[in-house]
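Below are the chains, spelled out letter by letter.
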Amino acid sequence: MEPINEELPGANGSHNNSQQPRCVVFERNNPNIPNQTKQALNLLRNLANEFWKWFLQKLDQLLSPKLRLADDPQLLERISQARGWKTAAIRFIEFHPTTSLMALLTNQDVVLIYDQRSECPAKLQSLKQTDTTCVAFRPWSQSCELAVGCAAGICLWQDSRRLSDKLNIRHMMGTHHLQVLEDEGHNYVTSMQWNEDGTILITAALGSSHITLWEPDCQQKIRLIPNPGSLSSFSLLRYSPDFQVLFCASCEAGASLCQLNRSEWRSKQVLMQHRIQTAVWTACGSFLLFVRDGSTRVYSCTKDREATLFLCPQPLWSVELVIDLRDVTICAGQQRYCGEPQTFAMDPLGIYMATIFKEQSFVLLALLVNLRLGSLQLLPLEFICCNVDGDQYPTCIAFGVSNPQLRWLMIGWNTGHIQRHAITAKDFKEAQLIHS
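Because the structure is a prediction, the values reported are computed rather than measured. (Residues numbered from 1 in each chain as written. Predicted model: local features only at pLDDT ≥ 70, side-chain atom pairs only at ≥ 80, totals over all residues. Heavy atoms only, no water.)

Bringing the overall build of the protein into the picture now. Looking only at helices and strands, the protein has four helices and 29 strands in total. Per-residue burial for the protein yields a buried fraction of 49% across its 436 residues. Pairs at least 24 apart in sequence give 48% of the contacts found in the protein among residues at least 6 apart. (Helix = DSSP H or I, 4+ residues; strand = E, 2+ residues; numbered from the N terminus. Buried < 20%, exposed > 50% of the residue type's maximum accessible area, 1.4 Å probe, protein only. Contact = heavy atoms within 4.5 Å.)

As structure tokens, then:
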């Protein structure tokens, strides 16, 4: 993958300190006097061009969500990571990074928060919380705090009491208060990510061509535009596990790999010809796995360490084919047609990856094999079907950690059934023995 290098315009002429100042005679036909009328016209032309660009951007921010949804009512459903977003009973599953809490997002725009100690969930809902798409627990928060992406922007919920080991989810009813984070045009949020310490929330929205960084504690926000030459909004954000790189996928075509901090925003444009359907980082942060819309091929994107070290101080990214999921044969010899992936989920230990497909009624569990030559391989292990009767298909998936000896692959089905698939392997060799 070739990097995009931008050159800053420099001065073409040189300044000679020994040069004597010239004497300019102010005469009407003196050729040394610039044409003031021409200068004024050029200035007005530049100002008009800048104003026109600003006007088009503002117009896009104000009207694009209404126009796009009116022209294509299925747009939000098509770019969502949930299969059948509009009708699926469960749209999104999220695990708290340090506790046993789990959040389920329903198609009734209600967030259900579960704890292992109770069967009765807490319910978070509001009239402002509509057309919900995603949920993100705030890491290192002293209370149960989570963000919900919706049409209005972001609904930030916070439990009024501190988290503790004795917390019982049944007593959380009515203890949450709501704060709505809004920005001009930044509506119909499509994806969100917290930074490492939970101080900044990064969001993308269908109604704007910029990404917003929110600092809820300081009541501040920063607008960032990874691709100033495009007015396309973004459908997917994925922070690398080391929080050094942010993957930003466009709603239309292409994606950016961005290095982000408070003072600088470096963006590398990649894959300009196709829209990215889904993507996920490996747990080690060395690889980004992604699939293009309309394709069955899974690719990996990784830094070319040798080229970066010897040729360029900035990272160069290379793309390789990992596997074609059109027809898949698992270790037991069973073969099935899978087709186009809908979404990926990565095991917190980086051993497994799970995949939902756009037109299949099962989940594929695969083993990640990191080859010595710096490439990645996916080894299909098993097809996971629904463990209850009925015509059901998976809509969303997520990995969660129950305890050091047990992890869960949580699967949400279109009827609202939640299925837990136990994961016990703690390393690659143990996973090979289990599935051999």
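Picking up where we left off.
What follows is about the confidence of the model for the protein. Taken residue by residue, the protein gives an average pLDDT of 81. The fraction at 70 or more is 77%. Looking at the elements of the protein, mean pLDDT is at its lowest for helix H3 (residues 305–310), recorded as 49, and at its highest for strand E24 (residues 352–357), recorded as 98. Within the model, the stretch residues 1–30 combines pLDDT values under 50 with 18 contacts to residues more than four positions away or in other chains. Contacts from residues 163–173, a stretch scored under 50 in pLDDT, to residues over four places away or in other chains number 28 contacts. (pLDDT = per-residue confidence, 0-100.)

We now examine the pattern of salt bridges. Two side chains with opposite charge may pair up if their charged atoms get near one another. Per the stated rule, a full pass over the model turns up twelve salt bridges. Across the salt bridge formed by Asp183 and Arg223, the nearest N and O atoms sit 2.8 Å from each other. A residue pair is termed long-range when its members are at least 10 positions apart, and Asp183 in the loop between strand E8 (176–181) and strand E9 (189–194) and Arg223 in strand E12 (residues 220–224) qualify at 40 residues. According to the relative accessible area criterion, Asp183 is buried, its value standing at 10%. In this structure, Arg326 and Asp327 form a salt bridge, with 2.7 Å as the shortest nitrogen-oxygen distance. For Arg326, a relative accessible area of 45% puts it in the partly exposed group. Classification of Asp327 by relative accessible area gives partly exposed; the value is 38%. Each of Arg275, Asp293, Glu340 and Lys358 takes part in a single network of salt bridges with overlapping partners. (Salt bridge = Lys/Arg side-chain N within 4 Å of Asp/Glu carboxyl O.)

We now examine the packing of aromatic side chains. Inspection of every chain in the model, using the stated rule, returns four aromatic pairs. If you follow Arg91 out to its NZ or CZ, it ends over the ring of Trp85, 4.1 Å from the centre. Directly above the aromatic system of Phe362 lies the positively charged group of Arg336, at a separation of 5.0 Å from the ring centroid. (Phe/Tyr/Trp six-rings, centres within 6.5 Å; stacked < 30°, edge-to-face > 60°. Lys NZ or Arg CZ within 6 Å of the ring centre and 35° of its normal.)

Of note, Tyr188 is a non-glycine position whose phi angle comes to about 55°, a positive value. The topology assignment puts Tyr188 in the loop between E8 and E9. Here Gln219, not a glycine, exhibits a phi torsion of approximately 55°, which is positive. Topologically, Gln219 is positioned in the loop between strand E11 (211–215) and E12. Judged by relative accessible area, which is 61%, Gln219 ranks as exposed.

On to the nonpolar core. By size, the foremost hydrophobic cluster in this structure holds 22 residues, and its most contacted members are Leu289, Met353 and Leu378. With four residues, strand E25 (residues 362–370) is the single largest residue contributor to this core. Those residues in contact with Leu289, other than ones at most four positions away along the chain, are Thr278, Ala279, Val280, Val298, Tyr299, Ser300, Val322, Phe344, Met346, Met353, Leu368 and Leu376. Listed in part, the 19 residues of the second largest apolar core include Tyr352, Ala354, Leu381 and Ala431. (Core = buried A, V, L, I, M, F, W, Y, C linked by side-chain atoms within 4.5 Å.)

For the rest of this paragraph, the subject is the state of the cysteines. Per the stated rule, a full pass over the model turns up zero disulfides. Note on Cys385: no disulfide assigned, nearest cysteine sulfur contributed by Cys386 at a separation of 8.7 Å. On the basis of relative accessible area, Cys385 is assigned to the partly exposed category, the value being 36%. (Disulfide = S-S within 2.5 Å.)

Residues Leu41, Leu43, Leu44 and Leu47 make up a contiguous nonpolar surface patch of about 410 Å² in total accessible area. On the secondary structure map, Leu44 appears in helix H1 (residues 36–71). (Patch = residues over 30% accessible without salt bridge, like charges linked within 9 Å, V, L, I, M, F, W, Y side chains within 5 Å. Areas by Shrake-Rupley, 256 points an atom, 1.4 Å probe, with all protein chains shown as cover.)

For the rest of this paragraph, the subject is the environment of Pro121. One can find Pro121 in strand E4 (residues 118–124). Judged by its relative accessible area of 15%, Pro121 is buried. For Pro121 and Met102, which are 19 residues apart along the polypeptide, the C-alpha to C-alpha distance reads 9.5 Å.

Across the sheet, which stays open at both edges, the four strands sit in the order E23-E24-E25-E26 with antiparallel pairing between neighbours. The strands lining the two open edges of the sheet, one partner per strand, are strand E23 (341–346) and strand E26 (376–385). Sheet twist, expressed as the mean angle between neighbouring strand axes with direction ignored, is 25°. Direction of pairing for E23 relative to E24: antiparallel, over a ladder of five bridges. In the sheet register, Thr343 faces E24, and the bridge partner there is Ile356. Relative to the sheet, helix H4 (residues 428–435) contacts E24, E25 and E26, its axis offset from that of E25 by approximately 135°. (Pairing = 2+ DSSP bridges. Axes fitted to C-alpha atoms, helices over the stretch in contact; angles between N-to-C directions.)

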